[in-house]
Amino acid sequence: MTESSEWLIYRGAGEPHDGIERLPAPPPWRDFTGREAASENGGDGSEDRRLGAYRHLAELHRPGAEELEMINAALYLRRPLLVTGSPGAGKSTLAHSVAYELGLGNVLRWSIVSRSTLQDGLYHYDAIARLQDAQIAAQGGFGSAAGSPGAVESIGSYVRLGPLGTALLPSDVPRVLLIDELDKSDIDLPNDLLNVLEEGEFAIPELERIADRLPGGEAEVLTADGTKVRVRDGRVRCRAFPFVVLTSNGERDFPAPLMRRCIHLQLGRPDHKRLATFVRAHLGDEAARAGDDLITHFLERSRSELVAADQLLNAIYLTDAAAPPSRDRLADLLIQRLDRPR
């Protein structure tokens, strides 16, 4: 094997070998090994991946004056914060940064796709599973006995709140909800969100209809966090309105009724200092210094091309960890322009 290929794990040689044993630890933002320990401590293990394993060495998210004012305006006014900007500008990180600094717990994330509906964000009722379980119980002679799937009080076992529904549960402090890439939704979703975001409550008709037959009018349902909570009279009403961050890559315009209910923050293109801080938070001081030329080259390209900061992270990590001889060429391959005509 030549010197130029020593960093390769997969060689395409067609023969089995033990090269996988040389694979180094994953980049911090792709390391999922801490989930179990974090879960035991009440977290979800996403802090290092989202905010950076070396965030104590860097001023990770030091917003400018306007950003800081808009974030606090949303907190004070209990209004959603609509954050727009190019991919990798730090829109999603903002939600995690606020949750981390203010001690608001795990960020609830609702990743939007073209098929997403308001119902997906609020709750899901699995009627088919309940019917199947009821049929199995009836065959076993349990019928609608207390505690069986056919019993009225068991209906909560088949209801799971979505991220938005969980964020609206009554609590003394707000939860942080990230509605990510809203511009990827169909045309109806932004308008469908209006009433829920304005009123801070929603109904679960499956529970409302039988609330008078439930013990104390309550049903125990599952949350997006995986915990169980009691819902009374089939309605979820917030006490502290959640800190809602809606992100958009600016691929479409939103209706005026949504815009007037939101605080709008436009994130500009990051400068050299902010990118260096971003790299330092995830990879440490040494990697940030070694990748300074890549940061400069990235900024030059970003003036005429659409590129994302997470591509820069990938390039700096790989060229530092694997130390391939064709460093600049590999970095250019990893930082592909996102607006390239297809």
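Our structure is the block above this text.
Residues numbered from 1 in each chain as written. Predicted model: local features only at pLDDT ≥ 70, side-chain atom pairs only at ≥ 80, totals over all residues. Heavy atoms only, no water.

**Some thoughts on the overall build of the chain**
- Tallying secondary structure elements over the chain gives 15 helices and 11 strands in all.
- In the chain, buried positions account for 43% of the 342 residues.
- Once local pairs closer than 6 in sequence are excluded, the contacts in the chain between residues at least 24 apart make up 76%.
- Taken as a whole, the chain presents about 18,700 Å² of accessible surface, with 49% of it coming from carbon and sulfur. (Helix = DSSP H or I, 4+ residues; strand = E, 2+ residues; numbered from the N terminus. Buried < 20%, exposed > 50% of the residue type's maximum accessible area, 1.4 Å probe, protein only. Contact = heavy atoms within 4.5 Å. Areas by Shrake-Rupley, 256 points an atom, 1.4 Å probe, with all protein chains shown as cover.)

**Some points on the pairing of strand 7 (residues 218-222)**
- Residues of strand 7 alternate between two faces, with Ala 219 and Val 221 buried on one and Glu 218, Glu 220 and Leu 222 left unburied on the opposite face.
- Hairpin connection, strand 7 to strand 8 (residues 228-232): the antiparallel pair is bridged by five residues, and Gly 226 has positive phi, about 90°. (Pairing = 2+ DSSP bridges.)

**Quick notes on the nonpolar core**
- By size, the foremost hydrophobic cluster in this structure holds 39 residues, and its most contacted members are Leu 164, Leu 182 and Leu 193.
- Those elements that provide at least two residues to this core are strand 2 (108-111), helix 5 (118-122), strand 4 (159-161), helix 7 (163-167), strand 5 (176-180), helix 8 (189-199), strand 7 and strand 10 (243-248).
- Per-element accounting of this core gives the leading share, five residues, to helix 8.
- Discounting chain neighbours no more than four positions away, the residues touching Leu 164 are Trp 110, Leu 118, Gly 121, Leu 122, Leu 177, Leu 193 and Val 196.
- Core analysis: the second largest hydrophobic core is formed by 21 residues, Phe 278, Phe 298, Val 307 and Ala 315 among them. (Core = buried A, V, L, I, M, F, W, Y, C linked by side-chain atoms within 4.5 Å.)

**Some details on the sheet that holds strand 5**
- In spatial order, the strands read 2-5-10-1-11; together these five strands make up an open sheet with parallel pairing. The sheet is open, and its two borders are formed by strand 2 and strand 11 (263-266), each paired with just one other strand. Each strand axis lies, on average, 20° off the axis of its neighbour in the sheet, ignoring direction.
- Here strand 5 runs beside strand 10; their pairing, made up of four bridges, is parallel. Within strand 10, the residue paired with Leu 178 across the bridge is Val 245.
- Against the sheet, helix 3 (residues 65-77) engages strand 1 (81-84), strand 10 and strand 11, with an angle of about 160° to strand 11.
- Sitting on the sheet, helix 4 (residues 91-102) touches strand 1, strand 2, strand 5, strand 10 and strand 11, and the angle it makes with strand 10 is about 165°. (Axes fitted to C-alpha atoms, helices over the stretch in contact; angles between N-to-C directions.)

**A short note on the pairing of strand 10**
- Burial analysis of strand 10 places six of its six residues in the buried class, the great majority of the element.
- Of the two faces of strand 10, the one lined by Phe 243, Val 245 and Thr 247 and the one lined by Val 244, Leu 246 and Ser 248 are each fully buried.

**Thoughts on the packing of helix 11 (residues 272-283) against helix 13 (residues 292-302)**
- Closest axis-to-axis distance for the helix 11/helix 13 pair is 10 Å, and the angle between their directions is 135°. Judged on the interaxial angle alone, helix 13 and helix 11 are oblique. The two elements helix 11 and helix 13 cross, and the hand of that crossing is right-handed. Contacts from His 272, Leu 275, Ala 276 and Val 279 of helix 11 reach helix 13 at Asp 292, Ile 295, Thr 296, Phe 298 and Leu 299.
- Of the residues belonging to the contact of helix 11 with helix 13, the class tally is six nonpolar, two polar and one charged. (Parallel < 35°, antiparallel > 145°, perpendicular 65-115°, else oblique. Left-handed = near helix turned anticlockwise from the far one by under 90°. Nonpolar A, V, L, I, M, F, W, Y, C, P; charged D, E, K, R; others polar.)

**A short note on helix 14 (residues 309-321)**
- In this model helix 14 runs 18 Å from its N-terminal to its C-terminal C-alpha over 13 residues, within 8% of the 18 Å that 1.5 Å per residue would give.
- Of all the positions in helix 14, only Ala 309, Gln 311, Leu 312, Leu 313, Ala 315, Ile 316, Tyr 317 and Thr 319 are classed as buried.
- Against the buried residues of helix 14 lie helix 11, helix 12 (285-290), helix 13 and helix 15 (327-334). (Expected span 1.5 Å × (residues − 1).)

**Section: the environment of Gln 266**
- Mapped onto the elements, Gln 266 comes out in strand 11.
- Measuring from C-alpha to C-alpha, the distance between Gln 266 and Gly 85 comes to 5.9 Å, with 181 residues separating the pair along the chain.
- When near neighbours in sequence (up to four residues on either side) are disregarded, Gln 266 contacts Thr 84 and Gly 85.
- Side chain to side chain, Gln 266 and Thr 84 meet in a polar contact 2.6 Å long. (Polar contact = N/O pair within 3.5 Å; in protein donor to acceptor, adjacent residues only side chain to side chain.)

**A word on the pattern of salt bridges**
- Under the defined criterion, the tally for this structure stands at 18 salt bridges.
- The salt bridge involving Lys 184 is made with Glu 251; its shortest N-O contact spans 4.0 Å. Of the two residues, Lys 184 sits in the loop between strand 5 and helix 8 while Glu 251 sits in the loop between strand 10 and helix 10 (256-260), which places them 67 residues apart along the sequence. (Salt bridge = Lys/Arg side-chain N within 4 Å of Asp/Glu carboxyl O.)

**Remarks on the environment of Tyr 123**
- Within the element layout of this structure, Tyr 123 appears in strand 3 (residues 123-125).
- Taking the C-alpha atoms as reference, Tyr 123 lies 4.0 Å from Leu 161; in sequence the two are 38 residues apart.
- What Tyr 123 contacts, discounting residues up to four positions off in sequence, is Val 159, Arg 160, Leu 161, Gly 162, Phe 202, Ala 203, Ile 204, Pro 205 and Glu 206.
- Within the structure, the side chain of Tyr 123 is placed 2.7 Å from the side chain of Glu 206, a separation counted as a polar contact.

**A look at the side chain of Thr 84**
- With respect to the helices and strands, Thr 84 occurs in strand 1.
- In this structure Thr 84 touches Lys 91, Ser 248, His 264, Leu 265, Gln 266 and Leu 267, once residues within four positions along its chain are discounted.

These values are about where atoms sit, not about what they do.
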